[in-house]
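# A look at the structure
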Amino acid sequence: MPHITSAELYQKAYDESTKNKDSYWNRIAETFEWDTKWDKTQSGDFNNLDIKWFDGGKLNITENCLDRHVKEHPNKIAIHWEPNDPSEKAKTFTYKELLENVNRFANVLKDKNVKKGDRVCFYMSMVPELLFGVLASARIGAIHSVVFGGFSAKALAGRINDCDCKIVVTCDEAPRGEKKVQLKEITDQACKEAPSVETVLIYRRTGVKINIEPNRDFYLNELMQSAQPECKPEIMNSEDPLFILYTSGSTGKPKGLQHSIAGYMLWASETFKEVFQYGQNDIFWCTADIGWITGHSYITYGPLLNGATQVMFEGVPTFPTPSRFWDIVEKYKVSHFYTAPTAIRALEACDINCVKKADLSSLKVLGSVGEPINEEAWNWYNKEIGQEKCPIVDTWWQTETGGIMISNIAGVTPAIACHATNPLPAVEPILVDDKGEVISGNPAKGNLCIKNPWPGVARTIYGDHERYKQTYFSAYPGLYFTGDGAKRDENGNYRITGRVDDVINVSGHRIGTAEVEDVIDEHESVVEAAVVGFPHPIKGQGIFAYLTPSSEGSINEDDLFIELNKLLTQKIGPIAKLDKIIITNGLPKTRSGKIMRRILRKIAASEFETLGDISTLLNPEVVEELISKLK
Ligand code: PRX
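Structure report, in brief.

Here is what the cut-offs are and how they apply
Residues numbered from 1 in each chain as written. Predicted model: local features only at pLDDT ≥ 70, side-chain atom pairs only at ≥ 80, totals over all residues. Heavy atoms only, no water. Helix = DSSP H or I, 4+ residues; strand = E, 2+ residues; numbered from the N terminus. Rg over C-alpha atoms; globule rule 2.2 N^0.38 Å. Buried < 20%, exposed > 50% of the residue type's maximum accessible area, 1.4 Å probe, protein only. Axes fitted to C-alpha atoms, helices over the stretch in contact; angles between N-to-C directions. Parallel < 35°, antiparallel > 145°, perpendicular 65-115°, else oblique. Contact = heavy atoms within 4.5 Å. Nonpolar A, V, L, I, M, F, W, Y, C, P; charged D, E, K, R; others polar. Pairing = 2+ DSSP bridges. Patch = residues over 30% accessible without salt bridge, like charges linked within 9 Å, V, L, I, M, F, W, Y side chains within 5 Å. Areas by Shrake-Rupley, 256 points an atom, 1.4 Å probe, with all protein chains shown as cover. Salt bridge = Lys/Arg side-chain N within 4 Å of Asp/Glu carboxyl O. Lys, Arg positive; Asp, Glu negative; His and termini not counted. Charge placed at Lys NZ, Arg CZ, Asp CG, Glu CD. Near = heavy atom within 4 Å. Polar contact = N/O pair within 3.5 Å; in protein donor to acceptor, adjacent residues only side chain to side chain. 1 Å grid on protein atoms, 1.4 Å probe; cavity = no way out; pocket = protein on both sides within 12 Å on 5 of 7 lines; lining within 4 Å. Points joined across faces, edges and corners; volume = space filled by probe spheres on them. Core = buried A, V, L, I, M, F, W, Y, C linked by side-chain atoms within 4.5 Å. Phe/Tyr/Trp six-rings, centres within 6.5 Å; stacked < 30°, edge-to-face > 60°. Lys NZ or Arg CZ within 6 Å of the ring centre and 35° of its normal.

## A few points about the overall build of the chain
From N to C terminus, the chain includes 19 helices and 30 strands. Its C-alpha radius of gyration of 24 Å places the chain within 12% of the 25 Å reference for a compact globule of 631 residues. Dimensions of the chain along its principal axes, counting C-alpha atoms only, are 70 × 60 × 55 Å. Each of the 631 residues in the chain was classed as buried or not, and the buried ones make up 62%.

So, in structure tokens, the structure goes:
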């Protein structure tokens, strides 16, 4: 049950968490099951970057997610699984059944020679077996790396190779709305470029005929059926890695953020319990995919660590009709609903009767995550979905932070439209200017940094600690730099304004502009490309590419647009598709040859009046050309 049940208790918890950190966290850690108690609550800082929480402690996270609840309430429902197509049969798993399935899967992995510390790649759709598999991996001390099922073979191969996975778990195919994604076929292509893969396990989801590579490919369904439902959990050290999750950055290839067991466990669990004020009879539903961090922390770990009952949904918000989300809320009497602004905006654009015909009276708390929520979407969510009686928690956090960092607490601290509001206990946000000076006092606006490690912070980038240091801790030494800008109002409430680096947030998914540019540059008709984000009514941000062609005149813009999107789908996945392109003779550059992205962002957003001084550019005439093409 939540502890922070009043504004006074929030203040008390916050003060204690920053002044008496050790006693605050010791008390929380004692509520979990440990094989051996920790020696030291925390050590390391953002200068030495050797961060440890609960060092010396030994545990298995799945005992905390499953076994202890099975002892208390074996028949409580853990998962209501809702299939893509509502005419298919839904499934339900109690805590006891969930544990048995996890154990069976764990025994399958062991049988396939997966050992403690090995990396296991999951490339699946939202089937219960994905959840079983991730937990099974944790049960035997392996490290899971879930790759979102929308990524391409190339992107999958890159992620398998980066952490040397010897096993990949996939599905034959994945129903997604009206379409089917050929996950096994894509996995086969990826494996051609991923020599470390010894075994591919396939969950038979639709039964479509697939290629089976002898001695490498096995159907999971039969293996699980014949596996034992008991598996002793591997006893792990607090700081052993639990998972790797890849995310895009402003430069280079995706980074595999590595989270460690005990600190992440406490962070996912505490933030879930307090922010959502989850009570034992509530029904929680997070609409994210387990391929993203939200699905790790608020489907896989946070709810299960709290013994919650939740909905897991395989499909998309608009299939078979735009009422689907609301029908599911009604069907399972969902009390806590957590989704992304892009979904809210897409559903807001549909006929309001899609909402009105569903009974949403079970709802108590609404949540938003992934990108800034605009005021109109916030108001619609509040009025039409929450019927003005459900607090909306606007939860700001990142793959790197492991769990929610800045958010109001449902019904306890005030919700303010479009504001994440207050830091959670143990989170010390500060705003700094471009020179690295801390901006004190209110109101303020600057780059958002965090002082001092919290338990859930990612400990490193897999295989590249130096890159971890460079990416997050070199801009402002001693501070974690989030890559986001923020404002603080006169009362100290935070409002996140969006990324200040070269990362675009498309429908709540992070895409590095450099990654997209690298792919575009491969096209023979393009000499140079610059990619920026621009405001998009549904996706939040869309992708805009400025292209310098190799031979002007012979290029058809429409054909190039189609070809580039085909290439991006192949190399990254459909989420990296361009929304707009413009062909230009040149890109605005500084005298030292650096592309002035600030100007390109303004032009893409049609903010022609506020371009600032362009006289220092090497080629100011290009700006005029671009403006005249877009006006
Ligand atoms: O820009 C912020 C935005 O999403 C980024 C993190 O993306 P990712 O690691 O993929 O994790 C998304 C799910 C936690 C942040 O740097 N972001 C996330 N939540 C919010 C947000 N921006 C504004 N308000 C939020 N509530």
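## What to know about unusual backbone geometry
In this chain, Phe319 is followed by Pro320 through a cis amide linkage whose omega measures -5 degrees. Backbone torsion omega between Asn442 and Pro443 reads -5 degrees, so that peptide bond is classified as cis. Here Pro443 shows up in the loop between β21 (428–432) and β22 (444–451). Positive phi values are uncommon outside glycine, yet Asn215 reaches one of about 65 degrees. Topologically, Asn215 is positioned in the loop between β11 (199–203) and β12 (217–219). The phi torsion at Asn452 lies on the positive side, around 70 degrees, for a residue other than glycine. Locating Asn452 in the fold gives a position in the loop between β22 and β23 (460–461).

## Some remarks on the packing of helix α12 (residues 341–348) against helix α14 (residues 375–385)
The geometry of a pair of packed helices is captured by two quantities: the angle between their axes and the separation between those axes. With their axes 10 Å apart at the nearest point, α12 and α14 run at an angle of 75 degrees to one another. Taken together, α12 and α14 sit at an angle that is classed as roughly perpendicular. Between α12, through Ile344, Arg345, Leu347 and Glu348, and α14, the contact on the second element is made entirely by Glu376, Ala377, Trp380 and Tyr381. Within the contact of α12 with α14, the residues separate by chemical class into five nonpolar, no polar and three charged.

## What about the sheet that holds β22?
Here four strands make up an open sheet; going across it, the order is β21-β22-β24-β25 and the pairing antiparallel. The strands lining the two open edges of the sheet, one partner per strand, are β21 and β25 (494–499). The sheet shows a mean angle of 45 degrees between the axes of neighbouring strands, taken without regard to direction. Inspection of the sheet shows β21 paired to β22 by five bridges, in the antiparallel sense. By the bridge assignment, Leu431 is partnered in β22 with Leu448.

## Examining a negative patch on the surface
Residues Glu524, Glu557, Asp558, Asp559 and Glu563 make up a contiguous surface patch of negative charge. Mapped onto the elements of the fold, Asp559 is located in helix α17 (residues 557–571). A residue is classified by how much of its surface remains accessible, and Asp559, at 40% relative accessible area, is partly exposed.

## A look at the environment of Tyr264
When you line up the elements, Tyr264 lands in helix α9 (residues 261–276). Spatially, the C-alpha atom of Tyr264 lies 19 Å from that of His3, the residues being 261 residues apart in sequence. Setting aside residues no more than four positions away along its own chain, Tyr264 makes contact with Leu242, Phe243, His259, His296, Ser297, Tyr301, Gly402, Pro455 and Gly456.

## Some details on the site of the ligand
Residues in close proximity to the ligand total 17 residues, the closest being Asp394, Thr399, Asp484, Arg499 and Arg510. Within the side chain of Arg510, an N or O atom sits 2.8 Å from an oxygen atom of the ligand. For the ligand, whose free accessible area comes to 530 Å², the fraction covered by protein is 96%. The set of elements that each furnish at least two residues to the shell around the ligand consists of α10 (293–305), β20 (392–395) and β25.

## Here we look at empty space enclosed by the protein
One pass over the full model with this rule turns up five cavities of 30 Å³ or more. Reported here for the largest cavity is a volume of approximately 100 Å³. Within the lining of the largest cavity, the residues separate by chemical class into seven nonpolar, two polar and three charged. By volume, the second largest cavity amounts to about 90 Å³. Residue lining of the second largest cavity: Ile4, Tyr24, Trp25, Trp267, Glu270, Thr271, Glu274, Val275, Ile409, Leu424 and Pro425, and that is the complete set. Contributions of two or more residues to the lining of the second largest cavity are made by α2 (21–29) and α9. The leading source of residues in the lining of the second largest cavity is α9, at five residues.

## Some words on the nonpolar core
Most often, soluble globular proteins keep nonpolar side chains buried together rather than apart. With 166 residues, the main nonpolar core has Phe105, Phe276, Tyr301 and Ile520 as its most contacted residues. When residues in this core are grouped by element, the largest group, 10 residues, is from α9. Those residues in contact with Phe276 that lie beyond four places of it in its chain are Thr271, Phe284, Tyr298, His336, Tyr338, Val365, Val393, Ile404 and Ala410. Leu366, Cys390, Ala417 and Cys418 belong to the second largest nonpolar core, which has 29 residues in total.

## Topic: the layout of surface pockets
Each pocket or cavity is described by its volume, and for the second largest pocket that value is around 390 Å³. Forming the boundary of the second largest pocket are 18 residues, of which Ala155, Lys253, Pro254, Glu515 and Lys571 lie nearest the centre. Elements represented by at least two residues in the lining of the second largest pocket include exactly α6 (153–162) and α16 (513–521). A total of seven residues in the lining of the second largest pocket trace back to one element, the largest contributor, which is α6. Partitioning the lining of the second largest pocket into residue classes produces six nonpolar, three polar and nine charged.

## Describing the side chain of Arg488
On the secondary structure map, Arg488 appears in strand β24 (residues 480–488). We note that Arg488 is buried and unpaired, the nearest opposite charge coming from Asp489 at a distance of 7.6 Å. At 3.0 Å, the side chain of Arg488 forms a polar contact with the backbone oxygen of Gly441. A distance of 2.7 Å separates a polar atom in the side chain of Arg488 from a polar atom in the side chain of Asn442. Those residues within four positions of Arg488 in sequence are excluded, and the remaining contacts are Leu431, Ile439, Ser440, Gly441, Asn442, Pro443, Ala444, Asn493 and Tyr494.

## Looking at α6
For α6, the full list of buried residues reads Ala153, Ala155, Leu156, Ala157, Arg159 and Ile160. Close packing links the buried residues of α6 with β6 (119–123), β8 (167–171), α7 (183–192), β14 (241–247) and α17. Positive phi appears at Asp164, one or two residues downstream of α6, with a value of about 55 degrees.

## Digging into the packing of aromatic side chains
For the structure on display, the rule yields 44 aromatic pairs. Ring geometry for Phe272 and Phe276: centres 5.9 Å apart, planes at 45 degrees, overall tilted. Placement of both Phe272 and Phe276 in helix α9 is noted, with a separation of four residues, approximately one turn of the helix. An aromatic cluster of three or more residues is present, and its members are Tyr24, Trp25, Trp34, Trp38, Trp53, Phe54 and Trp267. Above the face of the Phe218 ring, Lys112 is positioned so that its terminal group lies 3.5 Å from the ring centre. Residue placement shows Arg159 over the ring face of Phe151; its charged tip is 4.3 Å from the ring centre.

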